[in-house]
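Below, each chain spelled out in residue letters.
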Amino acid sequence: MAGRVHSEFPSWWFWEPPEEELAPEPAPAANLDGSLKIVSYDLNLDANQKNHRTDEYENKELVVRRGQVIKVDVTLNRDYDVSKHKASAELKWGNTPKISDGSLAILPPLTAPISSTFDDWGTLVKKGTGSNVSLSLYTKADSLIGRFNLVLYMTDENGRKNKMVVKDKIFLLFNPWSKDDDVYLSNEAERQEYVLNDQGMYFYGAQTRVSGAKWYMGQYEDYVVGGVLDLLRTKRTKPRSFGNPIEVSRMLSALINSNDDNGMLVGNWSGEYSDGTEPTAWTGSAAIFKQYTMTKKPVKYAQCWVFANVLTTALRALGIPSRPVCNTASAHDTDGNCIMDYHFDSDGKPIDSLDYDSVWNFHCWTDAWMARPDLPSGYGGWQAVDATPQERSDGAFQMGPAPLAAIKAGHVQLSYDTKFVFAEVNACKVKWKYSKDPNEPPTPIDIETDSVGILTVTKAVGKMEKHIISDQYKHPEGSNKELLAIYSVEKYIGSVKKLIVATKKDVELTGVLPEDVMIGKDFEIVLRFRNTSKELRNCVVSMTGSSVYYTGVRSKEVVSEMANVAIKPSKETVYRLKLVAADYLRDLVDHAGMRFDVTAVVAKTNQTIIKGYDFKLTKPTIKITAPSTVEKGSSFNAKASFTNPMPYKLQNCFFSAEGSALAGYKRELCWNINGNETVDFNMRLTAKQKVGKKEIIISFSSTELIGVIGDADITIQ
C-alpha cells in the first residue's frame, strides 16, 4: 500500500471583520420618570429547543428553526397592563442590518387570535401576570438563517419605548417541519433520518458489490453549526442568499473543498499523505470541523466520501434534509458529451494518455431536499450536490443542486449541473481501437450502454443498511422511458448512445471474479469464452491487471499475459489466471482495488472483444471490546483488535477513535505490527454527557495498510 506526500494547493482567505456585537444594556438607573422597563429576560432554552427539535445541539446559545414560535419570558419593573402596554422585538443579522435585504426583521405587536397558517414576523403577549410577561415571537419561514441579535422592546402607556438587548446570539435554522419552508419534508421518519440522525453510514465498492462503513455526522457538536455559518460568510454573498436553500447548498458545495475559497478540505488522490491524514483514516465529520475551527486552515486530506459526509453534516446542521449517496461505476465526463471514450492500441492494450474521461469504481456525493421555485413545476425534492472538486461550474469547483427528477428525465438543460450528473449515472462507454497503420483513424469497436451507474445507494431510513435508489436517478436500462430520456438529452448534446459498430459477433466473453478475497491471499480469475457459430474460432487474448485508485486511474501494472485460445463450434472454453499475493501486495493503493483489462481478437472475423473487470480485495475489520453500558461523562477502556493480513511488518501505525458516544476525537500511536500478527490495542475514552444508545468508531492506519475500521454500540446512562 502507498505511503503518505503532499502537493501544495493555492491558499488564501476571504477575510471580513467579525460581526459587530451589540453592547449589552447598562444596569438600569433609578426609574425617575416611572416608565415601563424590562428588567430581565429568560430565553427558555430547554423548552424552546425541545419544541424546535434542536435540543441535541451542544451550543450554549439558543438554536431554533425559522417559521416557528420562540417563547421568551420577561420581567418588568412594574405590572404589565394589556390595554396600555405593547411588546415588540427585532432580529438583526450581520453588521449592517436592513429591512430591504432581510437582515433586519421587525416583530411588531400582534393581537390574538393568531391563525394556524400565519407566516410573518410578530410579537404576541401570551400571558401577563403582574410584572411577569410571556412572549411568543413569530418568525417567517423564508427568513435568513444564521446568527441573530435579539432586541426586546416594551412600550408603555405614554408611548415611551424601552429596549433590552439579549446578550447571546440566537441561531435560526431551516425548518423541515414547516410547510411554508422550502425544505419542508412531510415524512417524519425521513426527517428523523435526514435531519436529526447524527449516526450515519456511507458506501463504497464496485459494480454490484457494495460495502458500508459507519460515519459520525456530528452536526450537534458546539463548533459545527457556527463553523458552517462562518464558512458561508467567507463567500461575501448577498444576505438574501442565506434564506435560500438552493444558494446555501451550492455555496457549501464550493466551500467544503479548498480549491477556490480556502475552504474546509484539501482533496488528494495521489496516494501520498505524509503531511496530513489519509482520507481512509477519517471516521466522522466532527474531528474535521474541530481541526478546521481551531486552525482556520484547510484540513488535509479528503476524497469523495469524506467530502460527501462533511457536506451532509453541514446541511443537516443548518436544517436541510440530506443524505450521502454512493454511485458505482460512476462516470466523470470531462467534455460534456455524456460519452466515456476509451482508446486501445492494435494489441488491445489501453492508451491511458488519450483517456481524459474516466469511470470511477464508485463516487460519493450528497442529496439535499428542497423546493425548486426557480424551475418549472415538478423539479423539487431530492437534489444532487457535490463538494468533490471535479469540474468547474460557473467558474468554481462546485456542483448542484441538480434535481433528480430532471436527471432521470434527461432534462439536462436545467440548473444546476444536471448534465454532469446525468453522465455520472447514465453515460455510455465507447471503445476505440487504433490500427498499426498511423494513417488510419481509430474505429469504434464496442459500445457499452449499460456499464455506467450500476448501483446507486444510500443509508436506509432508520436502519444501518443500504437502500438502493437507482430508480430515483434513472429509468431501467433499455426501457422505453430511458430511451425517451436519452432523446431529451440529445436535444442539447450532439450524440448519446447512438454510435453503431458493424462487426460480426459470434464469440462471447464473460469474466468471473471471486468475492470476499482477503488482502494477502491468492486468487484466480476465470475467463469463459463461448462460440455461438458452427465453425472453430481462434482468439488471441491479452490480459493486463493493474492496481487502481477508486477513481479508475491505474497505479501500477501487476500482471500481463497473452495466450491463444481455441473455441470449438457451439462450445465453451475456460481460461484461468492465478495471482499469488506476492504478485500484487507491494503495488496496492488506498482501497486495495485492481482492474483487469481483457482484449480478445477473433482471427477469422476480426471481432474484437474488450472487457474491463474491477476487483476489490477485502480488508480486515477491527473488533471493539468495550463495556455495554457506561455512565455519562465517565472514562472507560476500549480494546481494538485485528490481525495483520500482510506477510510483512506494518509501520507508522496509529488508531483513531470517534463517534456519537465519545467526547472528542482521539488518535494514539501504536507499535509496529509484525506480519500476520494479531494486535490488541487499548484506548482510554471518555463518554459524552448525552444519554442513550450511541456508537464508537475506531480506525487503523499505517504506511502499508490503511482504511481498517470497526464500530461498536454502547449505551450511556
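What you see is a predicted model; the values in this text were computed from it and never measured. Note that residues are indexed from 1 along each chain, following the sequence as it is written. Since the coordinates come from a predicted model, pLDDT governs what is reported: local features require at least 70, and pairs of side-chain atoms require 80 or more to be given and counted, while whole-chain, interface and lining totals use all residues. The side-chain values count all of the structure's non-hydrogen atoms but skip hydrogen atoms and water molecules.

Novice: I would appreciate a short explanation of unusual backbone geometry in the present structure.
Specialist: A cis amide bond, omega 5°, links Lys300 with the succeeding residue Tyr301. Mapped onto the elements of the fold, Tyr301 is located in strand β15 (residues 299-302). Phi at Gln207 is positive, roughly 55°, even though this residue is not glycine. Its place among the elements puts Gln207 in the loop between β12 (199-206) and β13 (209-216). Of note in this structure, Ala592 is not a glycine but carries a positive phi near 55°. Remark: exposure states derive from per-residue accessible area (1.4 Å probe, protein chains only) relative to the maximum for the residue type, with buried under 20%, exposed over 50%, and partly exposed in between. A relative accessible area of 0% places Ala592 in the buried class. For helices the rule is a DSSP run of H or I covering at least 4 residues; for strands it is a run of E covering at least 2, with both sets numbered from the N terminus onward.

Novice: Is there a simple way to explain the sheet that holds strand β17 (residues 339-344) in this structure?
Specialist: The pairing of strands in a sheet happens through backbone hydrogen bonds and is either parallel or antiparallel. If you trace the three strands from one edge of the open sheet to the other, you get β17-β21-β22, paired in mixed fashion. On the outer flanks of this sheet lie β17 and β22 (443-448), each paired with one strand and no other. Between one strand axis and the next, the sheet turns through 25° on average, direction left out of account. Strand pairing requires that DSSP identify at least two bridges connecting the strands. In this sheet, β22 lies alongside strand β21 (residues 428-433) in antiparallel orientation, the contact comprising five bridges. Directly across from Val430, in β22, lies its bridge partner Ile447. Interaxial angles span 0 to 180 degrees and are taken between N-to-C directions of axes, which are lines fitted to C-alpha atoms, for helices over the stretch in contact.

Novice: Before we go on, may I ask you to explain the environment of Leu135 in this structure?
Specialist: Tracing the sequence through the fold places Leu135 in strand β8 (residues 132-138). What makes Leu135 buried here is its relative accessible area of 3%. Each C-alpha atom, one on Leu135 and one on Val630, is 41 Å from the other, the two residues being 495 residues apart in sequence. Contacts between residues were defined by any pair of non-hydrogen atoms, one from each residue, lying within 4.5 Å. Those residues in contact with Leu135 that sit more than four places away from it in its chain are Ile70, Lys71, Val72, Asp73, Val74, Ala87, Thr123, Leu124 and Val125.

Novice: Sorry, what's going on with the state of the cysteines here?
Specialist: Structurally, a disulfide amounts to a covalent bond that connects the sulfur atoms of two cysteines. Disulfides are defined as cysteine sulfur pairs within 2.5 Å. If you walk through the whole model with that rule in mind, you get zero disulfides. Cys304 supplies the cysteine sulfur nearest to Cys364, a cysteine that is in no disulfide, at a spacing of 4.2 Å. Cys428 forms no disulfide, and the closest cysteine sulfur to it belongs to Cys338, at a distance of 8.8 Å.

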